[in-house]
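The chain contents come next:
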Amino acid sequence: MTVRVRFAPSPTGYLHIGGARTALYNYLFAKKNGGVFLLRIEDTDQERSKKEYEIEMMKDLKWLGIDWTEGPDCGGEYGPYRQSERMNLYKEKAWELVSEGKAYPCFLTEAELEELSQKAIAENKAPHAYHTKFRDFPLYEAKKRVDAGEDYVIRFKTQQKVYHLKDHVRGDVDFGEDMVGDFVLLRSNGMPVYNYCCAIDDWMMKITHVIRAEEHLPNTLRQLMLYEAFGVTPPQYAHCSLLVGEDRQKLSKRHGATSVKQYIEMKYLPEALNNYLCLLGWSHPDEKDIFNKEDIVDVFTMDRFNKAPALYDVQKLNFFNGQHLRKLPIAELVGLASDCLPSHHPFQNQTAEWKNQAMEIFKEKIQLITELEAVLEIIFRTEVMTSDEYQEIWSWETTGQMASYLKEQVMALTAPATAEQFQAWGDHIKTELKIKGKPLFKGMRAVLTLEAEGPDLKIVIPLTPVAVLKERMTKF
RNA sequence: GCACCCAUCGUCUAGCCCGGUCUAGGACACCGCCUUUUCACGGCGGUAACAGGGGUUCGAAUCCCCUUGGGUGUACCA
C-alpha cells in the first residue's frame, strides 16, 4: 500500500509556523516512503475562511519548497480537494448514518443545550450534550419535522465505551467513555463540522498516516468513533508535540512573528526555516543540525519525534539562517543582496567582481541578509562613527601624524586604492614615521574608515570608492 | 471542574523502548582563551540539567507507583 499523507489547513489566516512544521513532517514522511503528499483545504467554516488565505498558504508552502502532487490547484484522483466542494458527499454520508441508526436529527434549542451543559457541570462532567432526548426519537417523526422546515442538526450517536489509540508519538492512548457527547456532524445551516469532514476525507482520500499537532488528539477520538460507525479501518496517527512561546503556551500571534509570510518579508532563507522547524520536536539520528530538507529524507522516521512541547526561539533560528547564508553560492548571495538593498544603494552600481568580493567578506558578519546594509557602511559611510575606542585612538599622537600623510595619499588617488597601495602606505608609516604595532593598524583604520573596528583593511580599502575615501579625509 | 498529554542544562535536544559503556553527549545563548596587530568567522575550553518522593533491582536518567509542576482539549472553530 502506498503511503499517502496530507496537510489540511483551514484558510483562516496566513500559514502558521506550526503549520509549516506539520507540513514539512508530512512532506518528509511521504518522500522517505515514496508516497504521496497532498494538500486539502478545510474551509467548512464559512465565516472565517477566505480565498485570499488559501492562495497565500499555497504560496508560502511553495516558498518553503514543500510541494504537493494532489491538491485544489492541480487536482488528483481523489478530488475535489477543497471541502467546500464536497458538501454533497458529507450530507449523503451523514444521512446514511441516520438511516442506519448511528446518527440522528436533533431539534434542541440553544437554551435547552445550555441547560444540558449546566447539568453536566453540576455532575462534575464535561459540559457536553451527552445524550439528547432526540437520540431515540422515531425517524419518521424526525423527518416530518425536518420537512416542515424546523431547525435541526445531525448528531452522532456515541457509544459509551473506552477507545484505544496506538499513536506513533504518544504511544498507547486510552480515551475514557465520557470524553465526548453526541457531537454534531451537520450544523443547522447544513454545513458539516471539522471532525466529521476530516474523517470522511482522510478515508475517501485513502490517507494512510495522519501527522498533525497534539492539539488534535481529542479530535482523534471522534474520528475513531466515526470510522467504527462506517466500518472502516482508520489511518495511523502521529500527534507531534506543540510549538509554544516564552510563556509555554501554544504559539500564537501574540508571541510575535508566527506566520511564514512574516519570515519571507524579513528575508529569511526557506531552508533555514525548514531546518530549524524540523528540529523542534524531531532529532537527526546522527545529531546533525545544519541540513537541507532533502538531505534528511533518507533518515526521516517517526520514532524520532519528541513528545514534549518545544519552545520557539528566534535567536536560534537566526543562527541557522546565518549558517545557511554562508553555505550559499556566492552568486546567489549577491542576488539576494541586490534584492534586499534599496535600488539607489551604491552596492547596486558596483561591478560583479566587486560584489563577489564584498559578499565573500561580509557574509561572515551577518545572520540575516537584511543586516547587510548596516555592515556595508564601513565601505560607503562618510560620517564619523564615534565610540570610546575611536576617541581613544585619536587621542594618540601617532594617529594625527599618520592622518596628514594618509590624507595626502588619498587626495592624490584617481581610482580606488589597490591592496598594494594600501600596503605601501603602511610600509611608509612604519619606516618613515616610525609607527608600528597597534597604533599603526588601529590608527590607519580610524583615519581611513572613521571607525574603530571592521573587516580586514586590505580588503575593505580597495572596495571603498575614491569619492567616499576623499570625503572622509575632510572629517577630522 | 472533568478528560487527556507532557517532564534531561535558560532554550532545542541525545540517551529512555532493549537498566550497567552517563563523573549524562551535542547545538543556541552566555563567559574565557587561541587565531586575526581590530571586529566577525573559525578553533579550543568553561558555567549549566536527569522536577520531588517512594518502590523494583547487585545496579535506574532509563522500569513501576505517587506527588508536584506545566500544557492541550472540553463548540453548530479548525
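In this text, all values refer to a predicted model and were calculated from it rather than measured experimentally.

## Looking at the overall build of chain A
Moving on, step 1. Check the secondary structure of chain A and you find 19 helices and 11 strands.
Moving on, step 2. Against the globule reference of 23 Å for 476 residues, chain A gives a C-alpha radius of gyration of 32 Å, more extended than a compact globule.
Moving on, step 3. The principal-axis extent of the C-alpha atoms belonging to chain A is close to 110 × 45 × 40 Å.
Moving on, step 4. In chain A, which comprises 476 residues, the share counted as buried stands at 49%.

## Some words on the packing of aromatic side chains
Moving on, step 1. Under the defined criterion, the tally for this structure stands at 22 aromatic pairs.
Moving on, step 2. Of note, Arg145 hangs over the ring of Phe107, and the distance from its end group to the ring centre comes to 4.5 Å.

## A short note on the packing of helix H1 (residues 17-32) against helix H9 (residues 270-278)
Moving on, step 1. Where H1 meets H9, the closest approach of the two axes is 10 Å, and the angle between their N-to-C directions is 85°. Taken as axis vectors, H1 and H9 run roughly perpendicular relative to one another. Contact residues: H1 offers Ile17, Ala20, Arg21, Leu24, Tyr25 and Leu28, while H9 offers Leu273, Asn274, Leu277 and Cys278.
Moving on, step 2. Residue composition of the contact of H1 with H9, by class: eight nonpolar, one polar and one charged.

## Section: the protein's contact with RNA strand B
Moving on, step 1. Inspection of the region around RNA strand B gives 60 residues, with Ser10, Arg187, Lys365, Phe441 and Gly454 positioned closest.
Moving on, step 2. For RNA strand B, a phosphate oxygen lies 3.2 Å from a polar atom in the side chain of Arg248.
Moving on, step 3. Only strand E6 (171-175), helix H6 (194-204), helix H7 (217-230), strand E11 (310-311), helix H10 (314-327) and helix H17 (437-449) provide two or more residues apiece to the surface near RNA strand B.
Moving on, step 4. Looking at the surface near RNA strand B residue by residue, the classes come out as 20 nonpolar, 16 polar and 24 charged.

## Describing helix H2 (residues 51-64)
Moving on, step 1. The terminal C-alpha atoms of H2 lie 20 Å apart, and with 14 residues this matches the ideal 20 Å at 1.5 Å per residue to within 8%.
Moving on, step 2. Among the residues of H2, those classed as buried are Tyr53, Glu54, Glu56, Met57, Met58, Asp60, Leu61 and Leu64.
Moving on, step 3. Contacts from the buried residues of H2 go to strand E1 (4-7), H1, strand E2 (36-39), helix H8 (260-265) and H9.
Moving on, step 4. Positive phi appears at Gly65, one or two residues downstream of H2, with a value of about 80°.

## Describing the pairing of E6
Consecutive side chains of a regular strand alternate in pointing toward one face of the sheet and then the other.
Moving on, step 1. In this sheet, E6 lies alongside strand E5 (residues 163-167) in antiparallel orientation, the contact comprising five bridges. In the sheet register, Asp167 faces E6, and the bridge partner there is Gly171.
Moving on, step 2. A loop of three residues connects E5 with E6, the two strands running antiparallel in sequence.

## Some details on the side chain of Asn321
Moving on, step 1. Mapped onto the elements of the fold, Asn321 is located in helix H10.
Moving on, step 2. For Asn321, a relative accessible area of 0% corresponds to the buried category.

## Observations concerning unusual backbone geometry
Moving on, step 1. Positive phi, normally seen in glycine, also occurs at Lys206, with a value near 55°.
Moving on, step 2. Take Lys206: it is sitting in the loop between H6 and strand E8 (209-213).
Moving on, step 3. Given the relative accessible area of 49%, Lys206 is considered partly exposed.

## A word on the side chain of Arg21
Moving on, step 1. Position of Arg21 among the secondary structure elements: in helix H1.
Moving on, step 2. The buried charged residue Arg21 lacks any salt bridge partner; its closest oppositely charged side chain belongs to Glu215, at an N-O distance of 7.9 Å.
Moving on, step 3. Contact partners of Arg21, with chain neighbours within four places excluded, come to Cys240, Ser241, Leu242, Leu243, Leu277, Leu280 and Gly281.

## A few points about the sheet that holds strand E4 (residues 153-156)
Moving on, step 1. If you walk across this open sheet you meet the three strands as E3-E4-E7, and the pairing is antiparallel. Every other strand in the sheet has two partners, leaving strand E3 (103-106) and strand E7 (184-186) as the edge strands with one partner each. Shown here is a sheet whose adjacent strand axes are inclined to one another by a mean of 40°, direction ignored.
Moving on, step 2. As paired strands, E3 and E4 are joined by four bridges and run antiparallel to one another. Across the sheet, the residue bridging to Cys106 is Val153, located in E4.

## A closer look at helix H3 (residues 87-99)
Moving on, step 1. Counted at 1.5 Å a residue, the expected span for H3 with its 13 residues is 18 Å, and the 18 Å between its end C-alpha atoms agrees.
Moving on, step 2. Looking at H3, one finds that the buried residues are Met87, Tyr90, Lys93, Ala94, Leu97 and Val98. When H3 is viewed along its axis, its buried side chains cluster within an angular range of 150° and face the same direction. Exposed and facing more than 90 degrees away from the buried side of H3 are Asn88 and Ser99.

## Notes on the pattern of salt bridges
Moving on, step 1. This structure, assessed with the given rule, holds 33 salt bridges.
Moving on, step 2. The closest approach of N and O atoms between Arg82 and Glu54, which form a salt bridge, is 2.3 Å. Linking Arg82 in the loop between H2 and H3 with Glu54 in helix H2, this pair joins segments that are 28 residues apart in sequence. A single burial state applies to Arg82 and to Glu54, both of which are buried.
Moving on, step 3. Between Arg170 and Glu214 there is a salt bridge whose closest N-O contact spans 3.7 Å. Of this pair, Arg170 sits in the loop between E5 and E6 while Glu214 is found in the loop between E8 and H7, placing the two residues 44 residues apart along the sequence.
Moving on, step 4. We classify Arg170 as buried; its relative accessible area is 16%.
Moving on, step 5. Since its relative accessible area comes to 26%, Glu214 is described here as partly exposed.
Moving on, step 6. What emerges from the salt-bridge pattern is a single network uniting Arg6, Arg40, Glu42, Arg86, Asp201 and Asp202.

The rules behind each value
- Residues numbered from 1 in each chain as written.
- Chains lettered and ligands numbered in written order.
- Predicted model: local features only at pLDDT ≥ 70, side-chain atom pairs only at ≥ 80, totals over all residues.
- Heavy atoms only, no water.
- Helix = DSSP H or I, 4+ residues; strand = E, 2+ residues; numbered from the N terminus.
- Rg over C-alpha atoms; globule rule 2.2 N^0.38 Å.
- Buried < 20%, exposed > 50% of the residue type's maximum accessible area, 1.4 Å probe, protein only.
- Phe/Tyr/Trp six-rings, centres within 6.5 Å; stacked < 30°, edge-to-face > 60°.
- Lys NZ or Arg CZ within 6 Å of the ring centre and 35° of its normal.
- Axes fitted to C-alpha atoms, helices over the stretch in contact; angles between N-to-C directions.
- Parallel < 35°, antiparallel > 145°, perpendicular 65-115°, else oblique.
- Contact = heavy atoms within 4.5 Å.
- Nonpolar A, V, L, I, M, F, W, Y, C, P; charged D, E, K, R; others polar.
- Near = heavy atom within 4 Å.
- Polar contact = N/O pair within 3.5 Å; in protein donor to acceptor, adjacent residues only side chain to side chain.
- Expected span 1.5 Å × (residues − 1).
- Pairing = 2+ DSSP bridges.
- Lys, Arg positive; Asp, Glu negative; His and termini not counted.
- Salt bridge = Lys/Arg side-chain N within 4 Å of Asp/Glu carboxyl O.
- Arc of directions from axis to C-beta.

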